[in-house]
Amino acid sequence: MVIKKDGRRERFERQKILQGLLKACEKRPVATPKLKRSWMKSRGGAGVHERELTTTKSANDYDRLKKLDKVAYVRFASVYMDFKDVQEFMSELKNLLKDRVKK
């Protein structure tokens, strides 16, 4: 089950998340098979066997997308992460810029 932001519970549907990822990667240089493999690997770790997951469980679930394409990550994060306000969103953008400078 997935616990939505408003507290509702829904049956987990892998396809919904993949559709969101594909939409975030639209017109970006990310190959669909690579995206699918990356997402499946990220779901292979902790949390897979949990009975309930929150839609905003952890940014770690999206780290692989961040590594594939930062613009797609920002698109996806803007919808699926629970930013309280523009400041939180800007903080995430600043973290991305810091990571870019470090590399």
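Everything here concerns the structure above.
Numbers given for residues are sequential positions, taken from 1 along each chain in its written order. Only residues with pLDDT of at least 70 are given local features in this predicted model, and only at 80 or more are side-chain atom pairs given and counted; all residues enter the totals for whole chains, interfaces and linings. The side-chain numbers reported here are obtained from all heavy atoms of the structure, hydrogens and water having been left aside.

Asker: Any chance you could explain the side chain of Asp69 here in plain terms?
Answerer: We count a stretch as a helix when DSSP gives it H or I for four or more residues in a row; a strand needs E for two or more, and each element gets its number in order from the N terminus. Take Asp69: it is sitting in the loop between α3 (63–68) and α4 (70–80). Within the structure, the side chain of Asp69 is placed 3.1 Å from the side chain of Arg28, a separation counted as a polar contact. Contacts were defined at the residue level, with two residues in contact if any of their heavy atoms lie within 4.5 Å. Residue contacts for Asp69: discarding those within four places in its chain leaves Arg28, Pro29 and Val30. Whenever a nitrogen or oxygen atom comes within 3.5 Å of another N or O atom, the pair is scored as a polar contact, on the condition that within protein one atom can donate a hydrogen and the other can accept it, and that pairs from neighbouring residues in sequence are kept only if both atoms are in side chains.

Asker: Just to check I follow, could you spell out helix α1 (residues 14–24) for this structure?
Answerer: Given 3.6 residues to a turn, an α-helix orients residues that are three or four positions apart in the same direction. Only protein chains enter the calculation, and the probe is 1.4 Å; a residue is then buried if its accessible area is under 20% of its type maximum, exposed if over 50%, and partly exposed in between. Buried within α1 are the following residues: Leu18, Gly20, Leu21 and Ala24. The buried side chains of α1 occupy one side of the element, clustering within an arc of 160° when seen end-on. Directions from the helix axis toward the C-beta atoms define the arc.

Asker: Is there a simple way to think about the packing of aromatic side chains in this case?
Answerer: Centre distance and the angle of the planes are the two values used to describe a pair of aromatic rings. Stacked, edge-to-face and tilted labels apply to pairs of Phe, Tyr and Trp rings (six-membered ring for Trp) whose centres lie within 6.5 Å, assigned for plane angles under 30 degrees, over 60, and everything in between, in that order. Evaluated as defined, the whole model comprises 1 aromatic pair. Ring geometry for Phe83 versus Phe89: centroids 5.2 Å apart, planes at 90°, classification edge-to-face.

Asker: Would you explain the environment of Met81 in this entry?
Answerer: Tracing the sequence through the fold places Met81 in the loop between α4 and α5 (86–102). In sequence terms Met81 and Tyr62 are 19 residues apart; their C-alpha atoms lie 9.6 Å from each other.

Asker: Which parts of the structure should I look at to understand the nonpolar core?
Answerer: Generally speaking, soluble globular proteins have nonpolar side chains that are buried together. Core analysis: the biggest nonpolar cluster contains 17 residues, and Leu21, Cys25, Leu35, Leu65, Tyr73, Phe76 and Met81 have the highest contact counts within it. Those elements that provide at least two residues to this core are α1, α2 (32–43) and α4. Of all the elements, α4 adds the most residues to this core, at 5 residues. To form a nonpolar core, buried Ala, Val, Leu, Ile, Met, Phe, Trp, Tyr and Cys residues must be joined to one another through side-chain atoms within 4.5 Å.

Asker: Mind showing me how you'd approach the packing of α1 against α4 here?
Answerer: Packed helix pairs are specified by the crossing angle of their axes together with the interaxial distance, meaning the distance between the axes. Close contact between α1 and α4 brings their axes to 8 Å; oriented N to C, the two are set at 135°. Here α1 lies oblique to α4, going by the angle between them. Between α1 and α4 lies a crossing of right-handed hand. Across the interface between the two elements, Lys16, Ile17, Gly20, Leu21, Lys23 and Ala24 of α1 pack against Ala72, Arg75, Phe76 and Tyr80 of α4. Of the residues in the contact of α1 with α4, the class split is 6 nonpolar, 1 polar and 3 charged. As a rule, the C-alpha atoms of each element are fitted with a line to give its axis, helices using only the stretch in contact, and angles between N-to-C directions run from 0 to 180 degrees. Should an angle lie under 35 degrees it is considered roughly parallel, over 145 roughly antiparallel, and from 65 to 115 roughly perpendicular; all remaining angles are considered oblique. Definitions for this section: a left-handed crossing has its near helix turned counterclockwise from the far helix by less than a right angle. A right-handed crossing has that turn clockwise. Polar here means any residue other than Ala, Val, Leu, Ile, Met, Phe, Trp, Tyr, Cys and Pro, which are nonpolar, and Asp, Glu, Lys and Arg, which are charged; Gly is therefore polar.

Asker: Honestly, α4 in this entry has me stumped. Any pointers?
Answerer: Residues of α4 that are buried include every one of Ala72, Tyr73, Val74, Phe76 and Ala77, and no others. Capping the start of α4 is the job of one residue whose side-chain oxygen sits 3.1 Å from the backbone nitrogen of Val71: Asp69.

These figures capture arrangement, not role.
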